[in-house]
Amino acid sequence: MSACVIGSGPNGLAAAIVLAKAGLHVDVYEAEPQPGGAARTLELTLPGFHHDFGSAVHPLAAGSPFFSSLPLRDFGLEWIHSPATVSHPFDDGTAITLERDLLDAEAALGADGRAWRDLMTPFVERWADFVPEILGPVAHLPRHPFLLARFGLKTFASAQTLAHRCFRKPRTKALFAGLAAHSFLRLDEVLSGPFGMVMALAAHAVGWPIPRGGAQSITNALCGYISKLGGEIKTSTRIESLNRLPSYNIILCDITPRQLLSIAGDRLSPSYKRRLARYRYGPGIFKVDYALNAPIPWRAPECLRAATVHLGGSFEEVAASEKAMGSGQHAERPFVLLVQPTLFDPTRAPQGMYIAWTYCHVPNGSEVDMLGRIETQIERFAPGFKDCIVARRVFATRDLQQMDANLIGGDIMGGAMDLGQTLFRPTSRQYATSAPGLYICSASTPPGGGVHGMCGYHAARLALSRL
């Protein structure tokens, strides 16, 4: 029996591994010359500077139940942990850090330390039980119902409500705002609270590591394992129509609903096509990669301890930035996510040189140039940053979609992550389509965005169960 996977992002590769381990011959088709989708590392600025095209820090990859079960280290994957997981600077020249160890975090957070530890401990201690529950379909029979219920009771609220209910100090609230902002939701939306919690829990349970050599190392390890299992990766092979493929028992598509309609429309029922057409994409990003001649000159030395730095100031500022995005506007002071990999992995740049990776949130399909606002935010906390720039590469939303067709309008989450599309993603069928043997396994299915492979894992298991 044979199967094919269209798209070689982490979810597509995860699906291919599940199918190959079940004994099927698997072909993976990738439109671009290099596999990985958003998990690619490229010389985007100058030769020798290796930048991550998509995600740069990988708590969910390190914490993925499926990836953790694979021998990826045997295929070159090595995680690097910075001393602190996240740093969040303020205008007074200081910064708050999120320490990986819960006791260290309690000490670092001062008056809020005990509240933070009490909130996190029950789920960090049972991470191995907890994470499979949240990285799967929302509608499932939980193996640990009381643990999941406890999480819901404690965290099912907006980030705004959760932060003000649990913490007293503005600095701790700002730290939590930065974590919750990874959700691409306004901080007064109900799912922003649980999302922020998951990001915090991952920091304590598995860290926020970077892969040595960049995100491509994750892709290369997955591809290496697929090859060992007998699978084949076919790059520079864009699939315009499923009718041009050889005959396969199973087809899994690591693509979004828009592409699925384009390549498989004649196989899908009219009602299913209508539901796919109603699928909503989420906000996009405006991304900048930098080649630097020196480390970023942070006013707060604590920022040099973390690979990830959140630039947004107070909780209120971060919330205002995300509210603007959610309203179709562009914040004057955007919340900026910044990663500085070469402080901890010097192989990513020529000797004595550095890279930085940044983005801010913008409305889907935005054409507004946010470069000046991003660099103003960085200079706010690191005066002299612009003097360190050797080269930069700017990606507006359309540029991202040109490099990865799944990034519709610059959306890196595979579709809006609000309550409705979390429950029914992309439709009530989830991974299945109306066509027998055809499945969707991208971030447009549960559990959604992130480099964890669980969309592909669950889709492939469903496909195998229906053979």
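The preceding data block contains the structure.
Residues numbered from 1 in each chain as written. Predicted model: local features only at pLDDT ≥ 70, side-chain atom pairs only at ≥ 80, totals over all residues. Heavy atoms only, no water.

(A) View of the overall build of the chain. The helix and strand inventory of the chain stands at 18 helices and 16 strands. Taking 23 Å as the expected radius of gyration for a compact globule of 467 residues, we find that the chain reaches 21 Å, a close match to that expectation. For the chain, the C-alpha atoms occupy an extent of roughly 65 × 50 × 45 Å along the three principal directions. Buried residues in the chain amount to 61% of all 467 residues. The contacts of the chain with a sequence gap of at least 6 include a subset with a gap of at least 24, amounting to 74%. When the accessible surface of the chain is totalled, it reaches about 17300 Å², and 51% of it is carbon and sulfur. Averaging the locations of the 44 positively and 40 negatively charged side chains of the chain gives two centres separated by 6 Å. (Helix = DSSP H or I, 4+ residues; strand = E, 2+ residues; numbered from the N terminus. Rg over C-alpha atoms; globule rule 2.2 N^0.38 Å. Buried < 20%, exposed > 50% of the residue type's maximum accessible area, 1.4 Å probe, protein only. Contact = heavy atoms within 4.5 Å. Areas by Shrake-Rupley, 256 points an atom, 1.4 Å probe, with all protein chains shown as cover. Lys, Arg positive; Asp, Glu negative; His and termini not counted. Charge placed at Lys NZ, Arg CZ, Asp CG, Glu CD.)

(B) Spotlight on the sheet that holds strand 1 (residues 2–6). Judged by pairing direction, the sheet is parallel, and its five strands sit side by side in the order 9-2-1-10-16 without closing on themselves. Both outer strands of the open sheet, strand 9 (232–234) and strand 16 (438–440), are each paired with one neighbouring strand and no more. Put simply, the sheet's adjacent strands are angled 20° from each other on average, direction ignored. In terms of strand pairing, strand 10 (residues 250–253) meets strand 16 through three bridges, oriented parallel. Opposite Ile251, over in strand 16, you have Leu438 as the bridge partner. (Pairing = 2+ DSSP bridges. Axes fitted to C-alpha atoms, helices over the stretch in contact; angles between N-to-C directions.)

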